[in-house]
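# Remarks on the overall topology
Below are the chains, spelled out letter by letter.
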Amino acid sequence: MLGLKLPTDPRWVNIVEKNIDEILTDHAYCEQKAASTAISLIITFPEYPELIQEMIALSREEMGHFKMVHDKILARGKTLGRYRKDEYAIQLLKFFPKGGNRTTQLVHRLLYAALIEARSCERFRLLSEELNDKELAEFYHKLMVSEAGHYTMFLKFARKYGNKKEVDKKWEELLEFEAEIMKGLGRKETIHG
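Residues numbered from 1 in each chain as written. Predicted model: local features only at pLDDT ≥ 70, side-chain atom pairs only at ≥ 80, totals over all residues. Heavy atoms only, no water.

## So, the environment of Leu-185
Just so we agree on the cut-off: Each helix is a run of H or I in the DSSP string that is no shorter than four residues. Each strand is a run of E no shorter than two, and both are numbered from the N terminus.
Of note, Leu-185 is situated in the segment after helix H7 (164-183). Taking the C-alpha atoms as reference points, Leu-185 and Asp-9, 176 residues apart in sequence, are found 9.8 Å from one another.

As structure tokens, this is what we get:
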């Protein structure tokens, strides 16, 4: 369903299980960045009322997820760790050329967001199926369903605001690019890396 060209190696879960506190911190910041992305789309593209309405709802939902993850961290007797760069997101951005008209910029940002949500969904599914901690596994199952909805929403908007044929071609190229990135990742206790 997600269209990802390279699935995550299931051994990634072993790395996560040895570093649950680290993955929770990374996950918390991912949720915060997702909320920031929604707000940024509102600020940058105010001329799209349907998108704005969805981004308002999304920013609230993502901050709700941030709180849920933060609560898990606190329940474990820990505090939120320090923010660190997301190598996956940095590499993914290299796919998109700078410039272009507003529509092109919007479509690129929507495709970027769609792919991040798709990869998050795939990783959350793996965590929900493979984690020994059943409470965390159930937690990630619930979030997986949410991420799938976000992925499809971003892709739908990209196809709505851009030329569908061009968007679908760009999406396929982005999926291939992302698969190459993933070959060098998956060895850290991060959601995407």
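From this point on, the discussion continues.
## Section: the side chain of Ser-128
Inclusion rule: It only takes one pair of heavy atoms within 4.5 Å for two residues to be counted as in contact.
As for its position among the elements, Ser-128 is in helix H5 (residues 102-130). The residues touching Ser-128, leaving out its near neighbours within four places in the chain, are Ala-137, Tyr-140 and His-141.

## Focus: the nonpolar core
Inclusion rule: Grouping buried Ala, Val, Leu, Ile, Met, Phe, Trp, Tyr and Cys residues that are joined through side-chain atoms within 4.5 Å yields what is termed a nonpolar core. The cut-offs for exposure are 20% and 50% of the maximum accessible area for each residue type, with area from a 1.4 Å probe on protein chains only; residues under the lower value are buried, those over the upper are exposed, and the others partly exposed.
By size, the foremost hydrophobic cluster in this structure holds 62 residues, and its most contacted members are Leu-110, Leu-111, Leu-131, Tyr-140, Phe-154 and Trp-171. Every element with two or more residues in this core is listed here: helix H1 (12-17), helix H2 (20-44), helix H3 (49-75), helix H4 (87-93), H5, helix H6 (134-161) and H7. The residues contacting Leu-110, other than those within four sequence positions of it, are Leu-41, Leu-51, Phe-154, Phe-157, Ala-158 and Tyr-161.

## Let's talk about the environment of Ala-34
Along the chain, Ala-34 turns up in helix H2. Separated by 124 residues in the primary sequence, Ala-34 and Ala-158 have C-alpha atoms spaced 17 Å apart. Setting aside residues no more than four positions away along its own chain, Ala-34 makes contact with Glu-62 and Glu-117.

## So, the packing of H2 against H5
The criterion, for reference: Only the stretch in contact is used when a helix axis is fitted, and all axes are lines through C-alpha atoms; the angle between N-to-C directions ranges over 0 to 180 degrees. Should an angle lie under 35 degrees it is considered roughly parallel, over 145 roughly antiparallel, and from 65 to 115 roughly perpendicular; all remaining angles are considered oblique. In this scheme the crossing of two helices becomes right-handed for a clockwise turn of the near helix relative to the far one and left-handed for an anticlockwise turn of less than a right angle. Gly counts as polar in this scheme, as do all residues outside two lists: the nonpolar Ala, Val, Leu, Ile, Met, Phe, Trp, Tyr, Cys and Pro, and the charged Asp, Glu, Lys and Arg.
Remark: H2 packs on H5, axes separated minimally by 12 Å, with the N-to-C direction vectors making an angle of 160 degrees. With respect to each other, H2 and H5 are oriented roughly antiparallel. Crossing handedness for the pair H2 and H5: left-handed. Contact residues: H2 offers His-27, Glu-31, Ala-34, Thr-37, Ser-40, Leu-41 and Thr-44, while H5 offers Arg-102, Leu-106, Arg-109, Leu-110, Glu-117 and Phe-124. The class makeup of the residues in the contact of H2 with H5 is five nonpolar, four polar and four charged.

## Here's the deal with the packing of aromatic side chains
Rules: Note on aromatic pairs: the rings of Phe, Tyr and Trp (six-membered ring only in Trp) are paired at centre separations within 6.5 Å, and the planes decide the class, stacked below 30 degrees, edge-to-face beyond 60, tilted for the rest.
The final tally for this structure, using the stated rule, is 10 aromatic pairs. Ring geometry for Tyr-29 and Tyr-83: centres 5.4 Å apart, planes at 75 degrees, overall edge-to-face. Remark: Tyr-83 occurs in the loop between H3 and H4 and Tyr-29 occurs in helix H2; sequence separation between them is 54 residues. Residue Tyr-83 is classed as partly exposed on the basis of its relative accessible area of 46%. Ring centres of Tyr-48 and Tyr-161 lie 4.5 Å apart, and the angle between their planes is 55 degrees; on these two criteria the pair is classed as tilted.

## Concerning the side chain of Arg-119
Position of Arg-119 relative to the elements: it lies in helix H5. Residue classification places Arg-119 among the buried positions, given a relative accessible area of 0%.

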